[in-house]
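Single-letter residue listing:
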Amino acid sequence: QAAEYLATAREWTPPATEVTPTGAADDEDEDITSAPDPWPAPLDEAAFHGLAGEFVRTVNPHSESDPAADLVQFLTCFGNAIGRGPHWTVSATDHHLNLFINLVGKTARGRKGTSLDVVLKVFGQVDEVWRRDCVTGGLSSGEGLKYAVRDPVMKNGEIVDHGVVDKRLLVLESEFANVLKVLAREGNTLSPTIRQAWESGTIKNLTKHDTIRATGAHISIIGHITRDELLERLAETESSNGFTNRFLWFAVRRSKSLPRGGNLDESALNSLVIRLHGALEAARNVGEMGMTEPAWGIWDVVYETLTRGIPGLLGLVTARAEAQVRRLACLYALLDQSDIVDVPHLKAALAVWRYAEDSARYIFGDATGNPVA
């Protein structure tokens, strides 16, 4: 059943759900002369498990944003705010729960930015220090990213720079096309720095004049870009060197038309804020996370599907499926204040991954990743 759950993703018909996009479609989807739209089917209801799902159901009716955008940005913010304590281990390698995501719209009118505003507002009420000091933008160089989470710097036995104490960092890039431009510059170290940040949190360059290093860094990235910009700017090197598969790619669009804006009652967020505070506090005391035996049973089956070989650029982009699913499953567990992944958490993670894979299929299609080809 678990294998079927993933294998039939493209033919899947979504169940009725309160968070399925309704109302008027975005102008960008109104061209009736175009070919059938291969847009991913809406997220399975399983993805809206627990506190993350309740957040989307509370705020999305009052927003034009895509429910998928609300959900994954909530999960990404939570994964950064909890810090570097919770993790899962494979062999001797620890995998922490910082996510890199990109929201990809057909045009700049996909309401990618508005979906983030309320997420940051809620997390700011729970952790004001994180919102003020750990959320920034401006990815321009590997050295700059490393400097933002740098260790103390010693010179002649004395500390000349006390470094950064709080190593949590959420980088927001509303114009991710600019980041891709930077990656294309000769000698720029941003790509390897980002890859190190996703894997281990230890960032260093083996160059004589760059003595700054960062250890224990907990970096997450939220990017926004249009599909055309992405395909135009993405270089062959970044497709093949593992840069793209550190990211989860989500196709998003405006879910409804609200010409007078939403009518979100602030009091409706109060209970969510209280529960989110409890989940954050509990998660910060968690170390290595495990999985229940029923969840392992599902994992044993879906593992072969997640690790299957897919040709072309799509295969390169989705090559870290199993690692991404495990990170997502752990986040759902922590939102339930559990230090062990159970079946609902794994099913939620698989639902999010299925949407991400379908999104990647829509975004990258049958591209090879080679501009000459």
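How each quantity is defined
- Residues numbered from 1 in each chain as written.
- Predicted model: local features only at pLDDT ≥ 70, side-chain atom pairs only at ≥ 80, totals over all residues.
- Heavy atoms only, no water.
- Helix = DSSP H or I, 4+ residues; strand = E, 2+ residues; numbered from the N terminus.
- Buried < 20%, exposed > 50% of the residue type's maximum accessible area, 1.4 Å probe, protein only.
- Contact = heavy atoms within 4.5 Å.
- Pairing = 2+ DSSP bridges.
- Axes fitted to C-alpha atoms, helices over the stretch in contact; angles between N-to-C directions.
- Salt bridge = Lys/Arg side-chain N within 4 Å of Asp/Glu carboxyl O.
- Expected span 1.5 Å × (residues − 1).
- Core = buried A, V, L, I, M, F, W, Y, C linked by side-chain atoms within 4.5 Å.
- Parallel < 35°, antiparallel > 145°, perpendicular 65-115°, else oblique.
- Left-handed = near helix turned anticlockwise from the far one by under 90°.
- Nonpolar A, V, L, I, M, F, W, Y, C, P; charged D, E, K, R; others polar.
- pLDDT = per-residue confidence, 0-100.
- Phe/Tyr/Trp six-rings, centres within 6.5 Å; stacked < 30°, edge-to-face > 60°.
- Lys NZ or Arg CZ within 6 Å of the ring centre and 35° of its normal.

Undergrad: Would you mind showing me how to read the environment of Glu-322 here?
TA: With respect to the secondary-structure elements, Glu-322 resides in helix α14 (residues 321–335). According to the relative accessible area criterion, Glu-322 is partly exposed, its value standing at 23%. With residues near it in sequence (within four places) discarded, Glu-322 still touches Trp-299, Tyr-303, Leu-306 and Thr-307.

Undergrad: Even after reading the chapter, I still don't get the sheet that holds strand β8 (residues 218–226), so can you show me in this structure?
TA: Sheets are built from strands that pair by backbone hydrogen bonding, the pairs being arranged parallel or antiparallel. Across the sheet, which stays open at both edges, the five strands sit in the order β4-β7-β8-β3-β9 with parallel pairing between neighbours. At either margin of the open sheet sits one strand with a lone partner, and together these are β4 (135–136) and β9 (247–251). Of the pairings in the sheet, the one linking strand β3 (residues 100–105) to β8 comprises six bridges and is parallel in character. Note that in β8 the partner of Asn-102 across the bridge is Gly-223. The strands that helix α15 (residues 343–364) touches are β3 and β9; relative to β9, the one it contacts most, it runs at about 75°.

Undergrad: It is not clear to me how the pattern of salt bridges should be interpreted in this structure. Could you clarify?
TA: One side chain can pair with another of opposite charge once the charged atoms of both are near each other. A full pass over the atoms with the stated rule returns 17 salt bridges. Ionic pairing is found between Glu-45 and Arg-57, a salt bridge with its closest N-O pair at 3.1 Å. Taken together, the positions of Glu-45 in the loop between α1 (2–7) and α2 (50–59) and Arg-57 in helix α2 put the pair 12 residues apart, joining distant regions of the chain. According to the relative accessible area criterion, Arg-57 is partly exposed, its value standing at 24%. Note that Asp-166 is salt-bridged to Arg-168, the shortest N-O span being 2.9 Å.

Undergrad: Would you mind going over α14 with me for this structure?
TA: Because the α-helix completes a turn every 3.6 residues, residues three or four places apart line up on one side. A rise of 1.5 Å per residue sets the reference length of α14, with its 15 residues, at 21 Å; its end C-alpha atoms lie 21 Å apart and thus fit the reference within 8%. Positioned one or two residues after α14, Gln-337 has a phi angle of 55°, which is positive.

Undergrad: Just to check I follow, could you spell out the nonpolar core for this structure?
TA: Taken as a class, soluble globular proteins show a tendency for nonpolar side chains to be buried jointly. Among the nonpolar cores identified, the biggest contains 112 residues, and Leu-71, Phe-78, Ile-219, Phe-250 and Leu-276 are the most heavily contacted of them. By residue number, the principal contributor to this core is α15, which donates 14 residues. Setting aside residues up to four positions removed in sequence, Phe-250 forms contacts with Val-72, Ile-101, Asn-102, Leu-103, Val-104, Val-352, Tyr-355, Ala-356 and Ser-359.

Undergrad: So what exactly am I meant to see when it comes to helix α8 (residues 190–199) here?
TA: Along α8, eight of the 10 residues are buried, which leaves the element largely enclosed by surrounding structure. Buried within α8 we find Leu-190, Ser-191, Thr-193, Ile-194, Arg-195, Gln-196, Ala-197 and Trp-198. A positive backbone phi angle near 80° is found at Gly-201, which sits one or two residues after α8.

Undergrad: Is there a simple way to explain the packing of α2 against helix α3 (residues 67–81) in this structure?
TA: When two helices pack together, their arrangement is captured by the angle between the axes and the distance separating the axes. Closest axis-to-axis distance for the α2/α3 pair is 9 Å, and the angle between their directions is 135°. In terms of orientation, α2 lies oblique with respect to α3. Read as a crossing pair, α2 and α3 show a hand that is right-handed. Contacts between α2 and α3 pair Leu-51, Ala-52, Gly-53, Phe-55, Val-56 and Val-59 from the former with Pro-67, Asp-70, Leu-71, Phe-74 and Leu-75 from the latter. For the contact of α2 with α3, the residue count by class is nine nonpolar, one polar and one charged.

Undergrad: I'm lost on the confidence of the model for the protein in this one. Help?
TA: Fine structural detail should not be taken from predicted coordinates in areas where pLDDT scores are low. Of the residues in the protein, 84% reach a pLDDT of 70 or more, and the chain-wide mean stands at 86. Averaged pLDDT values over the elements of the protein bottom out at 58 in α1 and peak at 98 in strand β11 (residues 340–341). Contacts of residues 9–18 to residues separated by more than four positions or lying in other chains number 15 contacts, the stretch itself having pLDDT below 50. Scored below 50 in pLDDT, residues 20–36 makes 26 contacts in the model with residues more than four places away or belonging to other chains.

Undergrad: How should I be thinking about the environment of Val-165 in this particular structure?
TA: The residue Val-165 is located in the loop between β6 (158–161) and β7 (168–173) in this model. Accessibility expressed as a relative area gives 81% for Val-165, which makes it exposed. Placed 16 residues apart in sequence, Val-165 and Val-149 show a C-alpha to C-alpha distance of 8.0 Å.

Undergrad: Would you mind going over the packing of aromatic side chains with me for this structure?
TA: Here a ring pair, both rings aromatic, is described through the centre-centre distance and the interplanar angle of the planes. For the structure shown, the criterion picks out 11 aromatic pairs. Ring geometry for Phe-247 and Trp-249: centres 5.7 Å apart, planes at 40°, overall tilted. Among the residues examined, Trp-249 registers a relative accessible area of 2% and is labelled buried. Positioned above the aromatic ring of Tyr-362, the side-chain terminus of Arg-227 is 5.1 Å from the ring centre. In this structure, Arg-326 packs its charged tip against the face of Trp-299, placed 5.6 Å from the ring centre.

Undergrad: What is the right way to read the pairing of β8 from this model?
TA: It is a general feature of regular strands that their side chains alternate between the two faces of the sheet. The buried count for β8 comes to nine of nine residues, which makes it a mostly enclosed element. The alternating pattern of β8 places His-218, Ser-220, Ile-222, His-224 and Thr-226 on one face and Ile-219, Ile-221, Gly-223 and Ile-225 on the opposite face, and all of these are buried. In terms of strand pairing, β7 meets β8 through six bridges, oriented parallel. Following the sheet pairing, Leu-172 is matched in β8 by Ile-222.

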